[in-house]
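# Secondary and tertiary structure notes
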Amino acid sequence: MSMSVSRRKILRLGGAAAAATATYGLRLAGPAQAAPDAFTLCGTWEMTGSLANTGLLCDRGSRLAVETLAPKLGLKATYVTVDTEGDPGKAVRKAGEQMSQRGTRFFVGGASSAIALAVSKEVNKAGGVYVTTGGADELTGSECTKATFRWPVATFGAVEQTVRPLRQRLPNAKRWYTLTPKYVFGEALLRNVRRVLGETGAELVGNAYHGLGDREFSGYLTEAQAARPDVLCLLSFSGQTADTLRQAVDFGLKTSTTVLVVWSAGLDQYRAIGADVLDGVYLGAQYWHELDTPQNSELVPLFRKAFGGPPTYSEISGYMLARLILEGVAKAQSTDSRQVIGALEGLRYEGPTGPEEVRAADHQCLKNYYLLKGKPAKAMRSPDDFVEILSAGKSFPPPAETGCKAI
């Protein structure tokens, strides 16, 4: 499903849900209820390596959630961080040590889908609970586990809410070229782009794979330019997106080709790229700090007070992963993993994007994904006003089509 709406309507998504206090918002323990046992929440983040900037921001979002929400929920929670070093093997070993040596059962993390898939299996085997920000469809699909939940929209929804509405806006832009990181996340995005292009009568005229460590993209961009595409579709993430965009501008591709970044990292990335490069670029995003929702109106001041500015997507993502764990423990009134999993399944709450829901069948959070467009510098109303919101919507495959068999 794809939905295009006005900016005013998008910014007010979820406002009507404020009255549903019995369903949305924090679940505060009543005075007669015994508080659950003290517990540790472990963030498994890429604190060093190519995704370190993302991991550091996610980590401080998770820590802020534990420090501010746990007392309100009547919980005694401690937050610790382990550095996955961008390596799935090291991530599994360190998560395993947390479980075997310290008895930790609650985990968040996974800026890298490859790491998220590995940690997911390890936590499930040990009987824990894991909430991840990994984007690969497999996490709530063919490789789902009973222990694993995901807050962000997966690659399926990201492509549906960017490629499909852009095809509607630009019906004559039928020749597409993709640049894809060679790992599970990139492959998942590419698979979905191929599908949507085929369904909308467009053609993928070429694709170039690049490594996760690449910073020089001139060779790939030369190949893309030679294919004469109508749309250059970037499937990279984090710092590689910024490098590719800058080099694409230097090549003149932005003037001859429409550029789409399917999965952007939001505000911190836009600050690094700059308005001159972003101007006219289409961007997919999980979150934008200007959304007018009840929960976002609380979170933006909270992050401003803590960190001196509005929240980035990575910070909000880390916050929401930890919040789901905390809400699960509070609702279950227990630190028993099985009871927390049961409490999270079907959970409805007011999130930063509006009403959000954890689908019981595959543990995917159902939330909006956004198509944005970079503004020219002269149109920015503030230093962080980089984009306009073009459309928003929720796109998820039916549970029977996800391939999830373990739940």
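Because the structure is predicted, anything quoted here is derived from the model rather than measured.

## Re helix α14 (residues 313-332)
Counted at 1.5 Å a residue, the expected span for α14 with its 20 residues is 28 Å, and the 28 Å between its end C-alpha atoms agrees. Where burial is concerned, most of α14 is hidden: 19 out of the 20 residues are buried. Phi turns positive, to about 50 degrees, at Q333, one or two residues after α14.

## Section: empty space enclosed by the protein
Per the stated rule, a full pass over the model turns up one cavity of 30 Å³ or more. Reported here for the largest cavity is a volume of approximately 110 Å³. The wall of the largest cavity is formed by 13 residues, among which A111, T133, F237, W263 and Y313 lie closest to the centre. Elements with a minimum of two residues in the lining of the largest cavity: α2 (52-72) and α14. Here the residues of the lining of the largest cavity sort into seven nonpolar, six polar and no charged. Residue contributions to the lining of the largest cavity reach at least three from each of two domains, namely domain 1 (2-152 + 291-360) and domain 2 (157-285 + 369-391).

## A closer look at the packing of aromatic side chains
Two numbers describe a pair of aromatic rings. These are the distance of the centres and the angle of the planes. Applying the stated criterion across every chain yields a total of 10 aromatic pairs. Residues Y270 and W288 carry aromatic rings whose centres are separated by 5.6 Å and whose planes lie at 40 degrees to one another, so their mutual orientation is tilted. You can see Y270 sitting in helix α11 (residues 267-273) and its partner W288 sitting in the loop between β10 (282-285) and α13 (294-307), a full 18 residues away along the chain. In this structure Y270 comes out as buried when scored by relative accessible area, which is 0%. An aromatic cluster is defined as three or more aromatic residues linked by ring pairs; in this entry it consists of Y183, F185, F237, W263 and Y369. Geometry around F307 places R60 over its ring, the cationic atom sitting 4.0 Å from the centre. The residue whose ring lies beneath K182 is Y209, and the NZ or CZ to ring-centre distance is 4.2 Å.

## Focus on the pattern of salt bridges
Note that side chains of opposite charge can pair when their charged atoms are close. Enumeration according to the criterion identifies 24 salt bridges in this entry. In this structure, E315 and R60 form a salt bridge, with 2.6 Å as the shortest nitrogen-oxygen distance. One end of the pair, E315, is in helix α14; the other, R60, is in helix α2, with 255 residues separating them in the sequence. A salt bridge links R348 to E357, with the nearest nitrogen and oxygen atoms 3.8 Å apart. For E357, a relative accessible area of 26% corresponds to the partly exposed category. Put simply, E160, R164, R195 and E199 are held in one network by salt bridges that share partners.

## Some remarks on the layout of surface pockets
Computed from the structure, the second largest pocket encloses a volume of approximately 260 Å³. If you go around the second largest pocket, you meet 20 residues; those closest to its centre are D137, F156, P397, E401 and T402. Among the secondary structure elements, those contributing two or more residues to the lining of the second largest pocket are α5 (155-160) and α7 (184-199). Its residues placed into classes, the lining of the second largest pocket shows four nonpolar, eight polar and eight charged. Counting contributing residues per domain, the lining of the second largest pocket is built from domain 1 (2-152 + 291-360) and domain 2 (157-285 + 369-391), each supplying no fewer than three.

## Overview of the pairing of β10
On β10, burial covers both faces: Y282 and G284 on one face and L283 and A285 on the other are all buried. Bridge analysis of strand β9 (residues 258-261) against β10 gives two bridges, and the strand direction is parallel. Within β10, the residue paired with V261 across the bridge is L283. Pairing of β10 with strand β14 (residues 369-374) involves four bridges; the strand directions are antiparallel. When the bridges of β14 are listed, Y282 appears paired with K373.

## Re the confidence of the model for the chain
Chain-level pLDDT for the chain is 91 on average; 92% of the residues reach the 70-or-more range. Every residue in residues 1-24 scores below 50 in pLDDT, and together they form 58 contacts with partners more than four places removed in sequence or on other chains. With pLDDT under 50 throughout, residues 27-32 is counted as low confidence; its partners more than four residues away or in other chains account for 11 contacts.

Rules behind the numbers
- Residues numbered from 1 in each chain as written.
- Predicted model: local features only at pLDDT ≥ 70, side-chain atom pairs only at ≥ 80, totals over all residues.
- Heavy atoms only, no water.
- Helix = DSSP H or I, 4+ residues; strand = E, 2+ residues; numbered from the N terminus.
- Expected span 1.5 Å × (residues − 1).
- Buried < 20%, exposed > 50% of the residue type's maximum accessible area, 1.4 Å probe, protein only.
- 1 Å grid on protein atoms, 1.4 Å probe; cavity = no way out; pocket = protein on both sides within 12 Å on 5 of 7 lines; lining within 4 Å.
- Points joined across faces, edges and corners; volume = space filled by probe spheres on them.
- Nonpolar A, V, L, I, M, F, W, Y, C, P; charged D, E, K, R; others polar.
- Domains from an automatic or database assignment.
- Phe/Tyr/Trp six-rings, centres within 6.5 Å; stacked < 30°, edge-to-face > 60°.
- Lys NZ or Arg CZ within 6 Å of the ring centre and 35° of its normal.
- Salt bridge = Lys/Arg side-chain N within 4 Å of Asp/Glu carboxyl O.
- Pairing = 2+ DSSP bridges.
- pLDDT = per-residue confidence, 0-100.
- Contact = heavy atoms within 4.5 Å.

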